[in-house]
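Spelled out, the chains give:
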Amino acid sequence: MAKITYIQHDGTEHVIDVKTGLSVMEGAVKNNIPGIDADCGGACACATCHVYVKDEWLEKTGTRSAMEESMLDFAEGVEANSRLACQIKVTDALEGLVVTMPESQH
Amino acid sequence: MSDVAAHVVIVGAGHAGGTAAAMLRQFGYAGAITLIGDEPIAPYQRPPLSKAWLKGEADADSLALKPIEFYAGANIDFRPNVSATAIDRAAKTVALSDGSSLAYDALILATGARAIALPVEGKDLGGILYLRTAAHAEALKATLGKGRKLAVVGGGYIGLEVAASGRALGAEVVVLEREARLLARVAAEPLSTFFQAYHEKHGVRFELGCSVTGFQGKDGRVTGVTLADGRTIACDAVVVGVGAHPNEELAKAAGLECARGVVVDLDARSVTDPNIFAIGDVAHRPMPVYDRMFRMESVPNALEQARQATCAITGRPRPPGECPWQWSDQYDLKLQIAGYAFDADEILIRGNPQTAKFAIFHLKGDLVQSVEAINAPPEFMMGKTLILSRKPVNKAKLADPSISMKEVAA
C-alpha cells in the first residue's frame, strides 16, 4: 500500500491509498479521479494517462520504456518529468508519491 | 439535468454503461443513477479476456473497471443479474426481468453486442465456446493448457488473440477461416500476410478458404470440426469468433429507429426519443471525420460515447470530434489502428514488415483515412492527428521512414 497524491490540473488534490501491484493509473481510475482517462486500460496503447511526476520521485518511479517514450513523444504538453501512469507500478517505496495531471489527455 | 430528484437509468453494465455511471458522478450529476447488468459481476474490461487475463497475467480485480465498493460509495444503484425487458416511452419507465419497473428521466442503453453463433450441426456440444463475457473466458481458460488442441473458427482479431494466448499456454492451435486471408473484412492484405506469418512462426496452423459445416462430439463434448471438403479437424475445444450482433431488440420493440444498432446523434441521443441515449457496441452513430454513420465495437468508442451522453445529460459542451481507434496485442506485437479505411484508394507501407515494425497507411488521394501500426507508436499517434486534421500529406516523405513522423506531418 502506498499513499499517492493525485493533483488535477485545476489544483484539486486527491489522496488515495493504492494497493501494491496496481499501477499509478489504476489507482486513479478505480477511485474515479478525473483527469486520467486511460482509454486502453493499461496496454500502453493510448497515452491518455499522462502525468507529471514530482522531481524528487523521478528516481523511484523508474525510467520510461521504449514504447512509453515513443507514445509520450506525441502527447500534449510533455515535460522531462512526464510519465504514462499505467507504466508506474505501485510499491511500498512509492509511499507519499505526488503526481500532477496535464490540462487534457487528448 | 443536475436536479437531485432526477433519475438516470443505465441498461447494460459493460464498459460503456459502467463508464457512463462513473462519468455522471465525475461531471457533478447529483441525482439518482441505477445501473442494470445481466451478468453477475460489476463492469469490467473485456479486452484482456482474450489477452493478458487468458494468459494468467491479470486477475479479476484488475479486470474490474471499479472496485465493487465504488458503486455504493458513489451512490450508484448497481443491480447485477437483471436485464431490461421493455421500455414504455410514454410513461418513461423501463420494465426489468425481476418484475420491477423503474421510472427514468434519462435512459442510457448500453446493451452491447452478442457473438454470432454458427448455425451448424453439433453447435450445442460442450467445449464450443464464444468469447464475450468473463464467464465465457473462464470456460475457455479451463480448456486451454499444454498439449490441448484448440480450433479457432474465424481469423479475425478475437480469433488471432485467442490463438496467441493459446500458444502462450502451450495449446496446439489451428485457425479456420472462411475467406482466403485472415482479417479479410478489417485489415489490409499486407497486414493479413504479416499476421499469418508471425502466427505460423509461433506454431499456429491455418486453414484458409474453408467452410465449417458441423462439429463432431463424443459424450456431449466436441471432438472435431467438420469442413465442407470432408476433412475433420480434431480438437478438445473450439472458440468461435465470427462477428457480433448488436443487442438492439429492446430499442426496436420500443419503436426507436435502429439500423443494425440504435440510431443516435452526436450526443449519443436516439434520433427517435430525446430522453433515450444509446452508447457503445449497440449504437449506430455519426462519425463526422468520415461524414457517415456506422457502428463500432471498441473500447475507445464505448468511452467516447459514454462521454457524449453524460456531457449531454449534465449540460456540458459536446466533446470535440474524435478519431476512432483500437488496439490488439499478440505475442510481442502491439497493433494500433487509427481510423477506418473508408473510400481509400491507395495503400502505403512505411517501414519493413520483416522487422515487425511498420505501418500501413490507407490514403484517399493525399488524405490519411486510416493507419494500421505494428510496434510503431509514432505512426499511430501522428496518423490519428492527420486523420482528424484532414491535412494532405506528402506521400514521398510518408513512405520514407528516415523522415520522422513529426516532419511528415509538419
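How each quantity is defined
- The residue count restarts for each chain, going from 1 along the sequence in the order it is written.
- Each chain gets a letter, beginning with A, and each ligand a number, beginning with 1, in the order they are written.
- Totals for whole chains, interfaces and linings use all residues, but because this is a predicted model, local features are given only for residues with pLDDT of at least 70 and pairs of side-chain atoms are given and counted only at 80 or more.
- Comment: elements are numbered from the N terminus, with helices defined as DSSP H or I runs of at least four residues and strands as E runs of at least two.
- Atoms considered for the radius of gyration are the C-alpha atoms alone. The globule rule reads 2.2 Å times the number of residues to the power 0.38.
- Burial is judged by counting other C-beta atoms within 10 Å of a residue's own C-beta: 20 or more means buried, 12 or fewer means exposed, and anything between counts as partly exposed, with every C-beta placed from the backbone.
- Placing C-beta atoms from the backbone, we regard two residues as in contact once those atoms come within 7 Å.
- Either an automatic procedure or a domain database provided the assignment from which the domain bounds are taken.
- Classes in brief: Ala, Val, Leu, Ile, Met, Phe, Trp, Tyr, Cys and Pro nonpolar; Asp, Glu, Lys and Arg charged; the others, Gly included, polar.
- To define a nonpolar core, we join buried Ala, Val, Leu, Ile, Met, Phe, Trp, Tyr and Cys residues through C-beta atoms within 7 Å and take the resulting set.
- At least two DSSP bridges between two strands are needed for those strands to be called paired.
- Whenever a helix is involved, its axis is fitted only over the stretch in contact; in every case the axis is a line through C-alpha atoms, and angles between N-to-C directions fall within 0 to 180 degrees.

1. Describing the overall build of chain B
Right, on to step 1. In terms of regular secondary structure, chain B is built from 11 helices and 26 strands.
Right, on to step 2. Expected size for 410 residues packed as a compact globule is a radius of gyration near 22 Å; at 22 Å, chain B falls within 12% of this value.
Right, on to step 3. Here the C-alpha coordinates of chain B stretch approximately 65 × 60 × 35 Å along the principal axes.
Right, on to step 4. Relative to its full complement of 410 residues, chain B shows a buried share of 49%.
Right, on to step 5. Taking all contacts inside chain B whose residues are at least 6 apart in sequence as the whole, residues at least 24 apart take part in 61%.

2. Some thoughts on the overall build of chain A
Right, on to step 1. Within chain A, the regular secondary structure consists of 2 helices and 5 strands.
Right, on to step 2. Listed by position from the N terminus, the elements making up chain A come as β-β-α-β-α-β-β.
Right, on to step 3. Over its C-alpha atoms chain A spans a radius of gyration of 12 Å, differing by no more than 12% from the 13 Å that the globule rule assigns to 106 residues.
Right, on to step 4. Across its three principal axes, chain A shows a C-alpha extent of roughly 30 × 25 × 25 Å.
Right, on to step 5. The 106 residues of chain A split such that 42% are buried.
Right, on to step 6. Considering only contacts in chain A between residues 6 or more positions apart, those separated by 24 or more positions represent 65%.

3. A few points about the domain arrangement of chain B
Interface size, as often reported, equals the accessible area lost upon joining of the parts.
Residues and elements named next belong to chain B.
Right, on to step 1. Each assigned domain of chain B is listed with its residue range as follows: domain 1 (7-114 + 245-314), domain 2 (128-242) and domain 3 (332-409).
Right, on to step 2. Taken together, the contacts link 11 residues of domain 1 with 13 residues of domain 2.
Right, on to step 3. A per-class count over the side of domain 1 that touches domain 2 returns 6 nonpolar, 1 polar and 4 charged.

4. Regarding the nonpolar core
Right, on to step 1. Judged by nonpolar contacts, the single largest core of 153 residues is most densely connected at Ala85 of chain A together with Ile10, Ala20, Ile108, Leu109, Val238 and Ile279 of chain B.
Right, on to step 2. In terms of residue count, helix H8 (residues 299-313) of chain B provides more of this core than any other element does, 7 residues in total.
Right, on to step 3. Those residues in contact with Leu109 of chain B that lie beyond four places of it in its chain are Val11, Gly12, Leu250, Ala251, Val262, Ile276, Phe277, Ala278 and Val282 of chain B.

5. Some points on the environment of Gly112 of chain B
Residue and element names in this part refer to chain B.
Right, on to step 1. Tracing the sequence through the fold places Gly112 in the loop between strand E7 (106-109) and strand E8 (113-115).
Right, on to step 2. Sequence separation of Gly112 and Pro246 is 134 residues, and the distance between their C-alpha atoms is 6.0 Å.
Right, on to step 3. Apart from the residues lying within four places of it in its own chain, the contact partners of Gly112 are Gly12, Gly14, Asn247, Gly280, Asp281 and Val282.

6. A word on the interface of chain B and chain A
Right, on to step 1. Every contact between the two is made by 20 residues of chain B and, on the other side, 13 residues of chain A.
Right, on to step 2. Of all the elements in the fold, those that place two or more residues in the side of chain B that touches chain A are helix H1 (15-26), H8, strand E22 (325-330), strand E23 (333-339) and helix H9 (377-389) of chain B.
Right, on to step 3. Considering every element that reaches the side of chain B that touches chain A, the biggest residue donor is H9 of chain B, with 4 residues.
Right, on to step 4. A breakdown of the residues in the side of chain B that touches chain A according to their chemical character gives 13 nonpolar, 3 polar and 4 charged.

7. Considering the sheet that holds strand E4 (residues 82-84) of chain A
Residues and elements named next belong to chain A.
Right, on to step 1. The 5 strands are arranged E2-E1-E5-E3-E4 in an open sheet whose pairing can be described as mixed. Where the open sheet ends on each side, the last strands, each with one partner, are strand E2 (13-18) and E4. Each strand axis lies, on average, 35 degrees off the axis of its neighbour in the sheet, ignoring direction.
Right, on to step 2. Here 3 bridges tie strand E3 (residues 50-53) to E4, and the two strands are oriented antiparallel to one another. Bridging across to E4, Tyr52 finds its partner in Ser82.

8. Re the pairing of strand E14 (residues 221-227) of chain B
Residue and element names in this part refer to chain B.
Right, on to step 1. Across 6 bridges, the pairing between strand E13 (residues 212-218) and E14 is antiparallel. Of the residues in E14, the one forming a bridge with Gly214 is Thr226.
Right, on to step 2. Relative to strand E15 (residues 232-234), E14 is paired through 3 bridges, and the arrangement is antiparallel. Across the sheet, residue Gly224 finds its bridge partner in E15, namely Ala234.

9. What to know about the pairing of strand E24 (residues 346-352) of chain B
Residues and elements named next belong to chain B.
Right, on to step 1. Sheet topology places E24 next to strand E25 (residues 357-364); 7 bridges connect them, and they run antiparallel. Looking at the pairing, Ile349 lines up with Ile360 of E25.
Right, on to step 2. Counting the residues between successive antiparallel strands, the hairpin from E24 to E25 contains 4 residues, one of them, Ala356, with a positive phi of roughly 55 degrees.

10. Section: the sheet that holds strand E18 (residues 262-263) of chain B
Residues and elements named next belong to chain B.
Right, on to step 1. Spatially, E18-E20-E21 is the arrangement adopted by the 3 strands of the open sheet, whose pairing is mixed. Every interior strand has two partners, whereas the edge strands, E18 and strand E21 (292-294), have only one.
Right, on to step 2. Across 3 bridges, the pairing between strand E20 (residues 283-287) and E21 is antiparallel. Opposite Met287, over in E21, you have Arg292 as the bridge partner.

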